[in-house]
Amino acid sequence: MADTTTHTATTTNASTDTTGAIELPVVVIGAGPVGLAAAAHLAERGLSPLVLESGPDVGAAVRDWGHTRLFSPWRYNIDAAAARLLEATGWSGPAPEALPTGTELVEQYLQPLAATETLAARIRTNTRVVAVSRVGMDKTRTAGRQDTPFLVRIQHCDGSGEDIRARAVLDASGTWLTPNPLGQAGLEAPGEAEARAAGTITASLPDVTGRDRARFAGKHVLVVGAGHSAANTLLELGALAQDAPDTRISWAVRSADVSKVYGGEDRDELAARGALGTRLRHLVESGTIQVHPSFTITAFTPTDQGLTVHASTPAGDRELAVDVLVPATGFRPELGMLSELRLELDPAVDAPRRLGPLIDPEFHSCGSVAPHGEKMLAHPEPGFYIVGMKSYGRAPTFLMATGYEQVRSIAAALAGDRAAADTVELHLPETGVCSTDLGGSCDAPAPATGNEDPAAQGCCTPTVDAEPAVACCAAEPEPITILSTAPTARVSACC
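Not measured: the values here are computed from a predicted model.

Rules and cut-offs
Residue numbers run consecutively from 1 along every chain, following the written order of its sequence. Where totals are concerned, whole chains, interfaces and linings use all residues; where local detail is concerned, this predicted model gives features only for residues with pLDDT of at least 70, and gives and counts side-chain atom pairs only at 80 or more. The side-chain values count all of the structure's non-hydrogen atoms but skip hydrogen atoms and water molecules. Secondary structure elements are taken from DSSP: a helix is a run of H or I of four residues or more, a strand is a run of E of two residues or more, and numbering for both begins at the N terminus. Each residue is assigned to one of three classes by its accessible area relative to the maximum for its type, calculated with a 1.4 Å probe on protein chains only: buried under 20%, partly exposed between the two thresholds, exposed over 50%. To measure how exposed things are, a 1.4 Å probe is used in the Shrake-Rupley method; for residues, cover is taken only from the protein chains shown. Note on method: axes are straight lines fitted to C-alpha atoms, helices fitted across the in-contact stretch only, with angles between N-to-C directions ranging 0 to 180 degrees. Throughout, the term roughly parallel applies to angles under 35 degrees, roughly antiparallel to angles over 145, roughly perpendicular to angles from 65 to 115, and oblique to all others. Here a residue-residue contact requires only that any non-hydrogen atoms of the pair lie within 4.5 Å. Any residue outside Ala, Val, Leu, Ile, Met, Phe, Trp, Tyr, Cys, Pro, Asp, Glu, Lys and Arg is labelled polar, Gly included; the first ten of those are nonpolar and the last four are charged. Strands are treated as partners if at least two bridges between them are detected by DSSP. Centres within 6.5 Å make a pair out of two Phe, Tyr or Trp rings, where for Trp the six-membered ring is used; the pair is then stacked when the planes are under 30 degrees apart, edge-to-face when over 60, and tilted otherwise. What a helix should span is 1.5 Å times the count of its residues minus one. Throughout this description, the term salt bridge denotes a Lys or Arg side-chain nitrogen within 4 Å of a carboxyl oxygen of Asp or Glu. N or O atoms within 3.5 Å of each other form a polar contact, as long as, within protein, one can give a hydrogen and the other can take it, and as long as residues adjacent in sequence are counted only when both atoms are side-chain atoms. Residue-level confidence of the predictor, termed pLDDT, takes values from 0 up to 100.

## Quick notes on the overall build of the protein chain
Right, on to step 1. Each helix and strand in the protein chain was counted, giving 14 helices and 20 strands.
Right, on to step 2. The burial tally for the protein chain puts 55% of its 495 residues in the buried class.
Right, on to step 3. Entry remark: accessible area of the protein chain is about 20,400 Å², with carbon and sulfur atoms responsible for 51%.

## Some thoughts on unusual backbone geometry
Right, on to step 1. One non-glycine residue with positive phi stands out, namely Leu205, at about 50 degrees.
Right, on to step 2. Among the secondary structure elements, Leu205 is positioned in the loop between helix 6 (192-198) and helix 7 (213-216).
Right, on to step 3. Backbone geometry places Ser294, a non-glycine residue, at a positive phi of 50 degrees.
Right, on to step 4. By secondary structure assignment, the location of Ser294 is in the loop between strand 13 (289-292) and strand 14 (296-302).

## Looking at the packing of helix 3 (residues 80-87) against helix 4 (residues 102-114)
Right, on to step 1. At a minimum axis distance of 10 Å, the contact between helix 3 and helix 4 shows a crossing angle of 70 degrees. On the basis of their axis angle, the class for helix 3 and helix 4 is roughly perpendicular. Only Tyr109, Pro112 and Leu113 of helix 4 make contact with helix 3, whose side of the interface consists of Ala82, Leu85 and Leu86.
Right, on to step 2. Of the residues contributing to the contact of helix 3 with helix 4, the split by class is six nonpolar, no polar and no charged.

## Topic: the sheet that holds strand 16 (residues 316-322)
Right, on to step 1. Ordered in space as 14-15-16, the three strands form an open sheet in which the pairing is antiparallel. Both edges of this open sheet fall to strand 14 and strand 16, since each of them pairs with a single strand only. Taken over all neighbouring pairs, the strand axes of this sheet differ in orientation by 25 degrees on average, direction set aside.
Right, on to step 2. As judged from the six bridges shared by strand 14 and strand 15 (residues 307-313), these two strands associate in the antiparallel manner. By the bridge assignment for strand 15, Ala299 is matched with His310.

## Focus on the packing of aromatic side chains
Right, on to step 1. Per the counting criterion, the structure on display carries two aromatic pairs.
Right, on to step 2. Ring geometry for Tyr392 and Phe398: centres 5.2 Å apart, planes at 80 degrees, overall edge-to-face.
Right, on to step 3. By relative accessible area, Tyr392 is classed as buried at 0%.

## Re helix 1 (residues 33-44)
Right, on to step 1. Look at helix 1: 17 Å from first C-alpha to last across 12 residues, which is about the 16 Å you get at 1.5 Å a residue.
Right, on to step 2. Burial analysis of helix 1 places 11 of its 12 residues in the buried class, the great majority of the element.
Right, on to step 3. Among the residues of helix 1, those classed as buried are Pro33, Val34, Gly35, Leu36, Ala37, Ala38, Ala39, Ala40, His41, Leu42 and Ala43.
Right, on to step 4. Within two residues after helix 1, Gly46 carries a phi angle of roughly 85 degrees, on the positive side.

## Section: helix 13 (residues 400-414)
Right, on to step 1. Taking 1.5 Å of rise per residue, the 15 residues of helix 13 would be expected to cover 21 Å, and the 22 Å separating its terminal C-alpha atoms lies within 8% of that figure.
Right, on to step 2. Burial of helix 13 is extensive: 15 of the 15 residues sit out of reach of the surface.

## Brief notes about the sheet that holds strand 10 (residues 168-171)
Think of a sheet as strands paired side by side through backbone hydrogen bonds, with each pair either parallel or antiparallel.
Right, on to step 1. Within the open sheet, the five strands sit side by side as 6-5-4-10-18. Their pairing is parallel. Sheet topology places strand 6 (123-124) and strand 18 (384-386) at the edges, where each strand pairs with a single neighbour.
Right, on to step 2. Alignment of strand 5 (residues 49-52) against strand 6, held across two bridges, turns out to be parallel. Residue Val51 lies in a different strand from strand 6, and its bridge partner there is Ile123.

## Structural notes on the environment of Pro357
Right, on to step 1. The topology assignment puts Pro357 in helix 11 (residues 356-359).
Right, on to step 2. The exposure class of Pro357 is partly exposed, given its relative accessible area of 30%.
Right, on to step 3. Along the chain, Pro357 and Asp346 lie 11 residues apart, while their C-alpha atoms are 7.6 Å from each other.

## Describing the pattern of salt bridges
Right, on to step 1. Tallying each qualifying case throughout the model produces 19 salt bridges.
Right, on to step 2. As a salt-bridge pair, Glu107 and Arg63 come within 3.7 Å of each other at their nearest N and O atoms. You can see Glu107 sitting in helix 4 and its partner Arg63 sitting in helix 2 (residues 60-64), a full 44 residues away along the chain.
Right, on to step 3. According to the relative accessible area criterion, Glu107 is partly exposed, its value standing at 43%.
Right, on to step 4. Residue Arg63 is classed as partly exposed on the basis of its relative accessible area, which comes to 30%.

## Brief notes about the environment of Val322
Right, on to step 1. Its location among the elements puts Val322 in strand 16.
Right, on to step 2. In this structure Val322 comes out as buried when scored by relative accessible area, which is 3%.
Right, on to step 3. When the C-alpha positions of Val322 and Val309 are compared, they lie 7.5 Å apart, and in sequence the two are 13 residues distant.
Right, on to step 4. The contact partners of Val322, leaving out residues within four places of it in the chain, are His220, Leu222, Gly306, Leu307 and Val309.

## Here's the deal with the side chain of Thr148
Right, on to step 1. Here Thr148 shows up in the loop between strand 7 (127-134) and strand 8 (150-156).
Right, on to step 2. The class for Thr148 is buried, based on a relative accessible area of 15%.
Right, on to step 3. A distance of 2.7 Å separates a polar side-chain atom of Thr148 from the backbone oxygen of Gly144.
Right, on to step 4. Excluding its chain neighbours within four sequence positions, the residues that come into contact with Thr148 are Arg134, Val135 and Met137.

## Notes on the environment of Gly199
Right, on to step 1. In this fold, Gly199 is placed in the loop between helix 6 and helix 7.
Right, on to step 2. Assessed through its relative accessible area of 22%, Gly199 is described here as partly exposed.
Right, on to step 3. The spacing of Gly199 and Leu325 is 126 residues in sequence and 9.0 Å in space, taken between C-alpha atoms.
Right, on to step 4. Apart from the residues lying within four places of it in its own chain, the contact partners of Gly199 are Arg215 and Val324.

## What to know about the confidence of the model for the protein chain
Right, on to step 1. Looking at the protein chain, pLDDT values average 83 and 78% of them are 70 or higher.
Right, on to step 2. Segment residues 264-271: pLDDT under 50, and 19 contacts once partners within four positions in sequence are set aside and those in other chains are kept.

As structure tokens, this is what we get:
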């Protein structure tokens, strides 16, 4: 069948400088918290952002998990440049210590930000980016590459297409639409795609006690995964089971022990995160949740009622009949649209190469983050950056405030302010800040010198510094500043 999609070159949202030359926009892919923060910083630097969002409105992915409450209070979820834009309109921010839901994050922050005079005309929704390349050259061409504009190919809802030229591109499209497979070895299990299509495998973080209640009440529900997304869903199912006692809850994990999911409980300085662990442990100990450890899924078979889950365990092969399964096994980046760009990715986690060793979950299981900016995120493709959750690749420990610092540094670099780009900092409490593990886990900072071996230190390994060491899980949280001008600096996590 012939391709009826049309493509036309354009410089939409470009402006004209004082010499009459066309100033190409900086394209930002995704209108989530980090994408809009990028636009705010770019505009503040006198650049021309153009935000392309595939959803019908800003924060579309956040709305999908809008019922979920973040662990981090408002003061860590609002970008500084975005706040300056909003305050100029008379906006009053939410209570700094309140914990927002995803919906509140969109309605009280992202939507007002998108409506500001500075950004409103620079955001295009229902616009899906399908490819990024360079005008007139594929990834094999080198001569003149750095001076050639980017070509961003987009597709509209009606199937028509358009090519946009850009001076730089920031990919803040996230990973929400590309969940990890449930099968072994990083692959889909036989029957998994069919089960997802049939709805017996749901989307991540369903609204169990709200709009999706009918799918779970009185059913046998299996939750797969061992992060905060799994914990949130299990707690909602526990609440549902009180009203609908016929509801059965099973929890499958690949590890032999689930105690790590409980976290610090009453020792956790983020009270919301600690309470989550305590409540989850009580549900398991009471028998409300049946745990299936060392459970590796090998196949799915449809049944009249739902699904048979086949798994291998140390005791042999098992079958578990359930009505519905909730996946909570994390996400991975979609890189197909970037195939004509020269990327340098960590081979393990698909993050930018310099960042990968600092966030590899095999070595940093309770979360590690370095204050990092443009230099650490740069690729061999000048002017292209992956930012936000997608910059962490497959690693499950992303921090919203980290994304804000990423885009601040990149905007400074694109504006020619190298000093500001290279000086990166994070303001966090000692125990770190969690959103949810829509990626998020705990990022608990301690001072770093910039001389550490990123792969040598594991979770809760103290860093060496001339200053007194920050104690792991200290009794009183004190906000601290992490400052770094070295792209290899790292911060040990405290759990």
